[in-house]
Amino acid sequence: MVSWSPYTCARMVLDVPHGFRIPVDSQAPWVMTVPATAIYFTAYDQLKTFLCDRTLTSDLYAPMVAGALARLGTVTVISPLELVRTKLQAQHVSYRELGASVQAAVAQGGWRSLWLGWGPTALRDVPFSALYWFNYELVKSWLCGSRPKDQTSVGISFMAGGISGTVAAILTLPFDVVKTQRQVQLGAMEAMRVRPPRVDSTWLLLRRIQAESGTKGLFAGFLPRIIKAAPSCAIMISAYEFGKSFFQKLNQEQLRGP
C-alpha cells in the first residue's frame, strides 16, 4: 500500500499549467485547501494502515476511526487559516492588509481568537469525516460486488463519494450553521472595532437557534451545502483513489526494476 507524503499531496493540489494565474479573490480557498489536503490525506492513509496492520480495530471501522482522528488533527492545525480564508473572502483584504487584520484580531481577542471556530468546526468536520469514510467503504464494497477493492474504478469511487458526502453533509449541517454564525459575529465585531463578547458554547448556540428559528434554522443553507458537498466529495475521493492507484503501480514498477 502506498503512503502519501505532504509534499506529494501538495504537488498534486498545486500542479497547474505554467503561466496560469489565479485571481487574488480566488486564491482564498487555496490558503486552507493546500495544507489541509496534504495533512488530511497523509494522516488518514498512515492511521488507516497503522490500525489495520496492528488489528487495533476491524477493517469495517478502521476507516471511520482513521478519518475522525485525521480530521481532528487537521482542524486543529488549519483553524487559524480558516480565519484567514474568511477574511480574504468576506472582507476582500489584500495579502499586505491580511497581516495587520490578523494582528488586530489577536489584539482584540487574544491568540485564542485564531481558534474561535475550532469547537463547531471540529464538531462538524470530525463526525463528517468519520461518517464519510465509513459510508464510503460500505457503498464502494456494495458497488464493487465481488471485484477486489484495489481495482475500484473511478466511476465507482465517484458515485460512492457523492452518496457518502451527501449523507455526512446532512447529518452535520447544524454544526456548520453554528460555525458560520460565530465567524459572522467575529467579523461584525472587528468591523465596529468592538472587543468580541464571551463566546457561548456550541450546544447553547444550537438550542438558541432552535428556539428562535425552529428545527428549520438548524438546517439553514441545506441545498447549497448539498450542492457543494456531493460533487466536491465525489471529485476528491476519485482523485485520491486514482492517485493512490497510480503511485502503487509506479512503486511496483520501480521495485521490479528495468
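Residues numbered from 1 in each chain as written. Predicted model: local features only at pLDDT ≥ 70, side-chain atom pairs only at ≥ 80, totals over all residues. Heavy atoms only, no water.

Peer 1: Can you explain the packing of aromatic side chains? Please cite residues and give values.
Peer 2: The tally for this structure, following the rule as stated, stands at 11 aromatic pairs. Between Phe41 and Tyr240, the ring centres sit 4.8 Å apart and the planes meet at 20°, which makes this aromatic pair stacked. Taken together, the positions of Phe41 in helix α2 (residues 28–53) and Tyr240 in helix α9 (residues 222–256) put the pair 199 residues apart, joining distant regions of the chain. With respect to burial, Phe41 and Tyr240 carry one shared label: buried. Their ring planes at 70° and their centres at 6.5 Å tell us that Tyr44 and Tyr240 sit as a pair that is edge-to-face. Of this pair, Tyr44 sits in helix α2 while Tyr240 sits in helix α9, and the two are 196 residues apart along the sequence. As far as the burial class goes, Tyr44 and Tyr240 line up, both buried. Ring pairing ties together the aromatic residues Tyr40, Phe41, Tyr44, Phe128, Tyr132, Trp133, Tyr136 and Tyr240, which thus form one cluster. A cation sits over an aromatic face here: Arg71 above Tyr40, 3.8 Å from the ring centre. (Phe/Tyr/Trp six-rings, centres within 6.5 Å; stacked < 30°, edge-to-face > 60°. Helix = DSSP H or I, 4+ residues; strand = E, 2+ residues; numbered from the N terminus. Buried < 20%, exposed > 50% of the residue type's maximum accessible area, 1.4 Å probe, protein only. Lys NZ or Arg CZ within 6 Å of the ring centre and 35° of its normal.)

Peer 1: Describe in detail the packing of helix α5 (residues 118–144) against helix α6 (residues 154–171), supporting the description with residues and values.
Peer 2: Where α5 contacts α6, the axes come no closer than 8 Å and their chain directions differ by 145°. For the crossing formed where α5 meets α6, the hand is right-handed. Residues Phe128, Leu131, Tyr132, Asn135, Tyr136, Val139, Lys140, Leu143 and Cys144 of α5 form the contact with α6, whose own contacting residues are Ile156, Ser157, Met159, Ala160, Gly161, Ile163, Ser164, Gly165, Val167, Ala168, Ala169 and Leu171. Class assignment of the residues belonging to the contact of α5 with α6 gives a composition of 15 nonpolar, five polar and one charged. (Axes fitted to C-alpha atoms, helices over the stretch in contact; angles between N-to-C directions. Left-handed = near helix turned anticlockwise from the far one by under 90°. Contact = heavy atoms within 4.5 Å. Nonpolar A, V, L, I, M, F, W, Y, C, P; charged D, E, K, R; others polar.)

Peer 1: Help me get a handle on the pattern of salt bridges, residues and values and all.
Peer 2: Within this structure, the stated rule accounts for five salt bridges. Note that Lys48 is salt-bridged to Glu137, the shortest N-O span being 3.5 Å. Of this pair, Lys48 sits in helix α2 while Glu137 is found in helix α5, placing the two residues 89 residues apart along the sequence. Here Glu137 falls in the buried class, since its relative accessible area comes to 9%. A salt bridge links Glu137 to Lys140; the shortest N-O distance between them is 3.7 Å. In this pair, Glu137 and Lys140 both sit in helix α5, three residues apart, roughly one turn of the helix. Neither residue differs from the other here; Glu137 and Lys140 are each classed as buried. (Salt bridge = Lys/Arg side-chain N within 4 Å of Asp/Glu carboxyl O.)

Peer 1: Give a detailed account of helix α8 (residues 202–218), specifying residues and quantitative values.
Peer 2: Each full turn of the α-helix corresponds to 3.6 residues, which orients residues three or four apart in the same direction. A rise of 1.5 Å per residue sets the reference length of α8, with its 17 residues, at 24 Å; its end C-alpha atoms lie only 12 Å apart and thus fall more than 12% short of the reference. Along α8, the helix axis deviates most sharply at Glu212, where the bend reaches about 105°. Within α8 the residues assigned to the buried category are Thr202, Leu205, Leu206, Ile209, Gly217 and Leu218. (Expected span 1.5 Å × (residues − 1). Bend = angle between axes of the 7 residues up to and from the residue.)

Peer 1: So what's going on with the packing of α6 against α9? Which residues, and what values?
Peer 2: Geometrically, a packed helix pair is captured by the angle between its two axes and the distance between the axes. Relative to each other, α6 and α9 sit at 145°, their axes nearing to 7 Å. Crossing of α6 over α9 shows right-handed handedness. Residue-level inspection shows Val154, Ser157, Phe158, Gly161, Gly162, Gly165, Thr166, Ala169 and Ile170 of α6 in contact with α9, the latter providing Phe222, Arg225, Ile226, Ala229, Ala230, Cys233, Ala234, Ile235, Ile237, Ser238, Glu241 and Phe242. By residue class, the composition of the contact of α6 with α9 is 13 nonpolar, six polar and two charged.

Peer 1: Describe the nonpolar core, with residues and values.
Peer 2: One finds Tyr44, Phe128, Tyr132, Trp133, Ile237 and Tyr240 to be the most contacted residues of the largest nonpolar core, which totals 20 residues. Listed by contribution, the elements that provide at least two residues to this core are α2, α3 (62–90), α5, α6 and α9. For Ile237, the residues in contact, after removing those within four places along its chain, are Tyr132, Trp133, Tyr136, Ser157 and Gly161. Core analysis: the next-biggest nonpolar cluster, separate from the first, contains seven residues, Phe175, Leu205, Leu206 and Leu218 among them. (Core = buried A, V, L, I, M, F, W, Y, C linked by side-chain atoms within 4.5 Å.)

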